[in-house]
Amino acid sequence: QNHFENATTRAKIAAGGWDVVVIQAQSQEPAFPDFESDRLPYAVKLDSLINKVDSCTETMFYMTWGRKNGDASNCAFLPEICTYTGMQNLLSASYLKMAKSTRGSVAPVGEVWRKFRAEHPSIELYNPDESHPIVSGTYLAAVVFYQAIFQKSITGTLVYRPSTLPDTTASFIRSTAQSLIQDSARKWYQYGRFAKADFRFQVQNNIVSFENTSYAALGYSWDFGDGTGGSDAFEPQHTYQNPGTYSVQLLVTNGCKEDSIWKTVVVSPTSTSKTDEAESIIVHPNPFTDRIFISGFEGIETVSLTDLSGKMQKTEFKDGNLRTEATQKGMYMVTVRWKDGRVSNRKVLKM
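Residues numbered from 1 in each chain as written. Predicted model: local features only at pLDDT ≥ 70, side-chain atom pairs only at ≥ 80, totals over all residues. Heavy atoms only, no water.

1. Notes on helix α5 (residues 135-150)
Between its first and last C-alpha atoms α5 spans 22 Å; for 16 residues at 1.5 Å apiece the expected length is 22 Å, and the two agree. Taken as a whole, α5 has its buried residues at Ser136, Gly137, Tyr139, Leu140, Ala141, Val143, Val144, Phe145, Gln147 and Ala148. Those residues of α5 that are buried are in contact with β1 (20-23), β2 (58-62), β3 (105-107), α4 (109-119), α6 (167-183) and α7 (185-189). Remark: Gln151 follows α5 within two positions and exhibits a positive phi of approximately 60°. (Helix = DSSP H or I, 4+ residues; strand = E, 2+ residues; numbered from the N terminus. Expected span 1.5 Å × (residues − 1). Buried < 20%, exposed > 50% of the residue type's maximum accessible area, 1.4 Å probe, protein only. Contact = heavy atoms within 4.5 Å.)

2. What about the state of the cysteines?
Each disulfide consists of one covalent bond between the sulfur atoms belonging to two cysteines. Tallied over the full model, the rule gives two disulfides. For Cys56, the disulfide goes to Cys256, at an S-S distance of 2.1 Å. Measuring handedness by torsion sign, the sulfur bridge of Cys56 and Cys256 sits at about -80° and is left-handed. Pair noted here: Cys56 is in the loop between α2 (35-53) and β2 and Cys256 is in the loop between β9 (244-253) and β10 (258-267), with a separation of 200 residues, a long-range link. On the basis of relative accessibility, which here comes to 27%, the residue Cys56 falls in the partly exposed class. Overall, Cys256 belongs to the partly exposed group, its relative accessible area being 26%. What pairs with Cys75 in a disulfide is Cys82, and their sulfur atoms sit 1.7 Å apart. Across the disulfide from Cys75 to Cys82, rotation about the S-S bond amounts to roughly 100°, and the bridge is consequently right-handed. Residue classification places Cys75 among the partly exposed residues on the basis of a relative accessible area of 24%. On the accessibility criterion, Cys82 (25% relative accessible area) is partly exposed. Ordering the disulfide-forming cysteines of the protein by sequence position, one finds them joined as 1-4, 2-3. (Disulfide = S-S within 2.5 Å.)

3. Here's the deal with the environment of Thr302
Tracing the sequence through the fold places Thr302 in strand β14 (residues 300-307). Distance in space between the C-alpha atoms of Thr302 and Thr335 is 8.2 Å, their sequence separation being 33 residues. Non-local contacts of Thr302, meaning those with residues more than four positions away in its chain, are made with Thr335, Val336 and Arg337.

4. Quick look at the pattern of salt bridges
In this structure the tally under the stated criterion is 11 salt bridges. A salt bridge links Asp71 to Arg67; its shortest N-O distance comes to 3.9 Å. Residue classification places Asp71 among the buried residues on the basis of a relative accessible area of 1%. Taking relative accessible area as the criterion, Arg67 reaches 22% and is therefore assigned partly exposed. (Salt bridge = Lys/Arg side-chain N within 4 Å of Asp/Glu carboxyl O.)

None of the figures reported here should be taken as evidence of function without further support.
Following this line, the structure appears as C-alpha cells:
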C-alpha cells in the first residue's frame, strides 16, 4: 500500500523500460489472516500500474523466508506462525497467490531457504535477530534471483562469491537453489510471461500422439520433422508415412516471450512405445559430487560418463545410481543408451 501510494514509486514504474519489476511485502504481513483482504489488493494494483506501461513487463514476487523460530511477537494471536515451518508455509502460499492473481512469477527465495536449512542445518543463514540474513543468506537470495530473472542456472568456475563466504558453502547454496528451482519450475513461473516449451509423446505404429506439458504459453507451433508442415493445435496427433527417426520441434509463445524444444521420435511400422522414456529421465543433482542419480531408468541398457572431449570416465552404474568418485571436477556428459536404440544426453557439472 505504501508503494502504491508513493509518488516516487509510481513515477519509477511510469518511466517504463522495465523487463522485470520485483515486489516484496513486509516480512510478516503475508502470513497474517488479513492478507487477502488488506494486502493482496495492493499487489494487484501495483501490477496494474506496471502493465499499463508495458503489458510484457514481468511482475516478480520476492518470496521471503520465515523467522528462524517463528514469529514470537504475533504467536499469541496466530498459532500458525509460532514455528518457522508454519510461518514459511503461510508466506509461500501468499506469494504464490499473488503471482496467480497478477499473471506474475515468483523468485522462491523462501523455499530455497527452507530446503537449505533442512539439508545443511549446521550452516547459519540468519543474523542474531533471527530475521535478517547474514552474508550466506544474502548470497542465497542473489543466486535465486539470478536464476529466476535469467531463467538459467549458475554453473562454471568463474562465479562470484563474497570473500567471507567459504567456497563449499557457496557451492552448496548454488546446488540447492538449482535443484529446487528446476525440479518445480512450473510452480514458480506458470502464471508469468516466461514461456516454457515441453512435451511428451506416445508412439503406436506410425501414429504419434503428443502431450503438451508447456506452461505460461498461449500459442503453439509444431514441426513434425517429416516435411509435411506442422500444427498449431495444443496437443496434435500425427501420422508418419514412413518409418524413421524424426526431430520434432515445439515453439511456444505468449505474445511477450517464446521458447522452443526439440525431441527425437522413432517410428517403425510395428513399434509400440507407451512413453517417451529417453526424454523423461531426471539426472540429479546437478552439480554433483561423488554420484549421480537417474530417475526413470527402467529400460536403460547402459549409462556412460565422458568429458567434453569425449574421453570415457571410470564409473559404475547400478539401480539408477552412477558412482563417479574417480572423476575430477569439471563438466561432463551423461549418455543413456536404451534397449530400443534411443540415446539421451545430459550435461552435468562435478563440483
